[in-house]
Amino acid sequence: MKHLGTVTLETERLLLRKTLESDCEPMFRNWANDERVTKFLTWAPYESTEQLKNTYHQYLLKNQQNNDCYDWKIVLKEINEPIGSIGVVNFREDVNEAEVGYCLGYRWWHKGIMTEAFKCVIQFLFEEVGVNRITATHDPRNPHSGDVMKKCGLQYEGTSRQAGKNMQGICDVSRYAILKEDYVQKNKNKGDRSEKTP
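Within each chain, residue numbers correspond to sequence positions counted from 1 in written order. Per-residue local features are limited, in this predicted model, to residues with pLDDT of at least 70; the limit for side-chain atom pairs, both in listing and counting, is 80 or more; totals at the level of whole chains, interfaces and linings are taken over all residues. Based on all heavy atoms of the structure, the side-chain values leave hydrogens and waters out of the count.

A. Quick peek at unusual backbone geometry. Its identity is not glycine, yet Asn 96 carries a phi of approximately 55°, on the positive side. Secondary structure is summarised from DSSP: a helix means a run of H or I of at least four residues, a strand means a run of E of at least two, and numbering begins at the N terminus for each. Looking at where Asn 96 falls in the secondary structure, it is placed in the loop between strand E4 (81–92) and strand E5 (97–104). Not every positive phi belongs to a glycine, and His 110 is a case in point at roughly 60°. Take His 110: it is sitting in the loop between E5 and helix H4 (113–129). Exposure classes here rest on a 1.4 Å probe applied to the protein chains alone. A residue is buried below 20% of its type maximum, exposed above 50%, and partly exposed in between. By relative accessible area, which is 64% here, His 110 ends up exposed.

B. Region of the structure containing the pattern of salt bridges. A pairing counts as a salt bridge when a side-chain nitrogen of Lys or Arg comes within 4 Å of a carboxyl oxygen of Asp or Glu. Counting across every chain of the model gives 12 salt bridges. Among the ionic pairs, Glu 97 bridges to Arg 133, the shortest N-O distance being 2.6 Å. With Glu 97 in strand E5 and Arg 133 in strand E6 (residues 133–138), the pair connects residues that are 36 residues apart, well separated along the chain. The partner of Asp 147 in a salt bridge is Lys 150, with the nearest N and O atoms 3.6 Å apart. In this pair, Asp 147 and Lys 150 are both assigned in helix H5 (residues 143–151), three residues apart and thus about one turn of the helix distant.

C. Molecular detail of the pairing of strand E2 (residues 14–17). Two strands make a pair as long as DSSP finds a minimum of two bridges between them. Taken together, the two bridges between strand E1 (residues 9–10) and E2 define a ladder with antiparallel strand orientation. Looking at E2, one finds that Leu 9 is bridged to Leu 16. As judged from the four bridges shared by E2 and strand E3 (residues 71–76), these two strands associate in the antiparallel manner. Bridging from a neighbouring strand, Leu 16 pairs with Ile 74 of E3.

D. Quick peek at the side chain of Thr 6. Inspection of the secondary structure puts Thr 6 in the segment before E1. Owing to a relative accessible area of 4%, Thr 6 belongs among the buried residues under this scheme. From its side chain, Thr 6 meets the backbone oxygen of Cys 69 in a polar contact 2.9 Å long. There is a polar contact of 3.1 Å between the side chain of Thr 6 and the backbone nitrogen of Asp 71. Residue contacts follow a heavy-atom distance rule, with two residues in contact if any of their heavy atoms lie within 4.5 Å. Those residues in contact with Thr 6, other than ones at most four positions away along the chain, are Arg 17, Lys 18, Cys 69, Tyr 70, Asp 71 and Trp 72. In protein, a polar contact means a hydrogen-donor-capable atom and an acceptor-capable atom, both N or O and within 3.5 Å, with residues adjacent in sequence counting only if both atoms are side-chain atoms; elsewhere, any N or O pair within 3.5 Å suffices.

E. Quick look at the sheet that holds E6. Judged by pairing direction, the sheet is mixed, and its eight strands sit side by side in the order E1-E2-E3-E4-E5-E6-E8-E7 without closing on themselves. The sheet is open, and its two edges are formed by E1 and strand E7 (155–166), each paired on a single side. Bridge count for E5 against E6 is three bridges, and the pairing is parallel. The partner of Ala 98 across the bridge, within E6, is Ile 134.

F. Molecular detail of the side chain of Arg 133. Arg 133 sits in the buried class, given a relative accessible area of 19%. Of note is the side chain of Arg 133, whose polar atom sits 2.6 Å from the side chain of Glu 97. Contacts of Arg 133, omitting those with residues within four sequence positions, involve Asn 96, Glu 97, Ala 98, Phe 126, Glu 157, Arg 175, Ala 177, Ile 178 and Leu 179.

G. Here's a closer look at the nonpolar core. Counting 37 residues, the largest nonpolar core has Leu 16, Ile 74, Ile 86, Phe 118, Leu 125, Ile 134 and Leu 154 as its most contacted members. When residues of this core are traced back to their parent elements, those giving at least two are E2, E3, E4, E5, H4, E6, H5 and strand E8 (169–179). Setting aside residues up to four positions removed in sequence, Ile 74 forms contacts with Leu 14, Leu 15, Leu 16, Glu 81, Pro 82, Ile 83, Gly 84, Ser 85, Ile 86, Ile 113, Met 114 and Ala 117. Each nonpolar core is a collection of buried residues, namely Ala, Val, Leu, Ile, Met, Phe, Trp, Tyr and Cys, held together in the definition by side-chain atoms within 4.5 Å.

Quick look at the structure:
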């Protein structure tokens with residue numbers, strides 16, 4: 001793998017970029033204080049912007065300078081502020097695997113935004129960083145997260161019983177994955193179809 005860090009990525013509706021000092025307030029307001037967002041995550045809603053700023057926010061500002069840190073704020077161009085985040089939460093260098101995690105403000109659920117962001121990250125990790133396998137997991141009680149994974153081409157690989165822990169306590173963990181060869185084949189098929197279109 002060739003680690004490049006959190007470089008800026010762009011889609012039709014979104015800008016994926018590093019965290020800025022000024023992101024603390026919109027992050028708190030748009031998703032980090034909302035128990036609907038954190039219900040199936042591993043961290044509790046933040047109680048104030050000060051708490052957020054003095055913990056996770058400062059940690060991220062420091063660590064995102066490292067080339068092996070991939071943590072994007074999802075900025076909706078329409079309002080020009082972050083509404084969620086997506087990043088690599090774990091690497092397995094021995095098999096060139098990256099595990100991706102994400103969260104999004106409640107007001108923007110079911111609009112295809114996370115699928116758009118995740119597809120962009122998948123392309124970057126396969127084509128630029130050189131990973132061979134991308135995985136993601138979710139609590140089976142949160143099926144919408146799994147829907148995002150399927151829309152992005154990840155395949156269901158199984159559910160480990162009582163193998164994780166989130167804000168609901170000990171939970172089952174469903175895992176999805178996509179290989180570089182799956183990604184290449186999928187894009188090749190797209191190209192073949194477009195060439196046949198009159």
